[in-house]
Amino acid sequence: MEVEIKLRLPDAAAHRRLSSFLAPRLLRTAAQRHVFIDAAARPLAAATAALRVRLYGPDDRAPSRAVLALKRRPRIHAGISRVEEVEEPLDPALALACLDDLARLGAVDSPIVRLVSDEYGVGGDKAPFVCLGGFRNTRGVYELGEGEGQGLVLELDETHFDFGTNYELECETAEPDQAKEVLERLLTMAGVPYEYSRSNKFACFMAGKLLP
């Protein structure tokens with residue numbers, strides 16, 4: 001179970017302000033490309049599941065790494081997100097080959113591919129994989145000092161969909177109530193407006209519009 005705090009920022013100005021405030025704590029910045037896979041009838045999406053390949057790096061044809069993930073049964077309330085997640089690394093060259101020819105993904109020796117086939121019937125001859133599309137994300141990763149917030153790692157996202165841009169602060173944690181208090185206090189100190197996210201990025205992508 002992945003548990004995260006998700007706080008939505010209203011616009012690019014708020015994102016810039018928070019980026020500047022957090023700059024001394026920056027660990028790294030990552031360019032990400034997210035590609036979602038289902039079958040033509042979208043049985044995974046209908047079951048609130050998302051099969052995703054995430055590619056890292058600015059060059060689409062030469063990613064530095066790739067990760068295959070299945071997320072399902074998401075719940076989000078008061079800015080706290082809970083979702084069942086399984087993920088595994090993919091060789092970047094293999095990931096590109098599978099995205100170019102999704103039939104190759106079904107032949108990959110992968111617990112996630114087997115799970116999707118066994119539980120959802122996706123990936124075989126009767127329901128071959130299809131690409132739903134995706135979006136790009138730029139993620140700044142920051143670490144708070146011990147005095148600031150128990151060494152929490154924050155992820156500040158700027159997500160580019162075909163229909164708009166979304167800005168969000170996330171933090172994976174085993175203690176969501178305490179972490180949310182830390183993030184809210186930090187945003188107040190930075191003078192950055194926010195609201196609790198009520199949907200995840202995949203839901204926005206599938207809706208074809210920015211959701212709160």
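Predicted model, so just to flag it, every value in this text is computed and none were measured. (Residues numbered from 1 in each chain as written. Predicted model: local features only at pLDDT ≥ 70, side-chain atom pairs only at ≥ 80, totals over all residues. Heavy atoms only, no water.)

Caption draft 1: Expanded view of the packing of helix 1 (residues 12-22) against helix 6 (residues 176-190). Close contact between helix 1 and helix 6 brings their axes to 10 Å; oriented N to C, the two are set at 100°. With respect to each other, helix 1 and helix 6 are oriented roughly perpendicular. Here helix 1 contributes R17, L18, F21 and L22 to the contact with helix 6, which in turn contributes L186, L187, M189 and A190. Class assignment for the residues of the contact of helix 1 with helix 6 results in seven nonpolar, no polar and one charged. (Axes fitted to C-alpha atoms, helices over the stretch in contact; angles between N-to-C directions. Helix = DSSP H or I, 4+ residues; strand = E, 2+ residues; numbered from the N terminus. Parallel < 35°, antiparallel > 145°, perpendicular 65-115°, else oblique. Contact = heavy atoms within 4.5 Å. Nonpolar A, V, L, I, M, F, W, Y, C, P; charged D, E, K, R; others polar.)

Caption draft 2: Looking closely at helix 3 (residues 92-100). Regarding helix 3, the residues found buried are A95, L96, A97, C98 and L99. Where helix 3 is buried, its residues contact strand 2 (26-38), strand 3 (49-56), strand 4 (65-77) and strand 5 (80-90). Where helix 3 begins, the side chain of D91 points an oxygen toward the backbone nitrogen of A93, at a separation of 3.0 Å. (Buried < 20%, exposed > 50% of the residue type's maximum accessible area, 1.4 Å probe, protein only. Polar contact = N/O pair within 3.5 Å; in protein donor to acceptor, adjacent residues only side chain to side chain.)

Caption draft 3: A look at the pairing of strand 3. Of all eight residues making up strand 3, eight are buried, and the element is well covered by its neighbours. Residues A49, L51, V53 and L55 point to one face of strand 3 and A50, R52, R54 and Y56 to the other, with burial holding for every one of them. As paired elements, strand 2 and strand 3 share six bridges and run antiparallel to each other. Note that in strand 3 the partner of R33 across the bridge is L55. Sheet topology note: the strand 3/strand 4 ladder contains eight bridges and is antiparallel. Within the sheet, the bridge partner assigned to L51 lies in strand 4 and is L70. (Pairing = 2+ DSSP bridges.)

Caption draft 4: Local environment of the pattern of salt bridges. What the rule picks out here adds up to 17 salt bridges. For E170, the salt bridge goes to K6, with nearest N and O atoms at 2.6 Å. Pair noted here: E170 is in strand 8 (residues 164-172) and K6 is in strand 1 (residues 2-9), with a separation of 164 residues, a long-range link. Here the two residues E170 and K6 agree in accessibility, since each one is buried. E84 is the salt-bridge partner of R72, the closest N and O atoms lying 3.6 Å from each other. Separated by 12 residues along the polypeptide, R72 in strand 4 and E84 in strand 5 bring together distant segments of the chain. For R72, a relative accessible area of 11% translates into the label buried. Relative accessible area serves as the criterion here: at 26%, E84 is assigned to the partly exposed category. Residues participating in the shared-partner salt-bridge network are E4, K6, R8, R139, E155, D157, E168, E170 and K201. (Salt bridge = Lys/Arg side-chain N within 4 Å of Asp/Glu carboxyl O.)

Take it as geometry only, folks, not as evidence of what the structure does.
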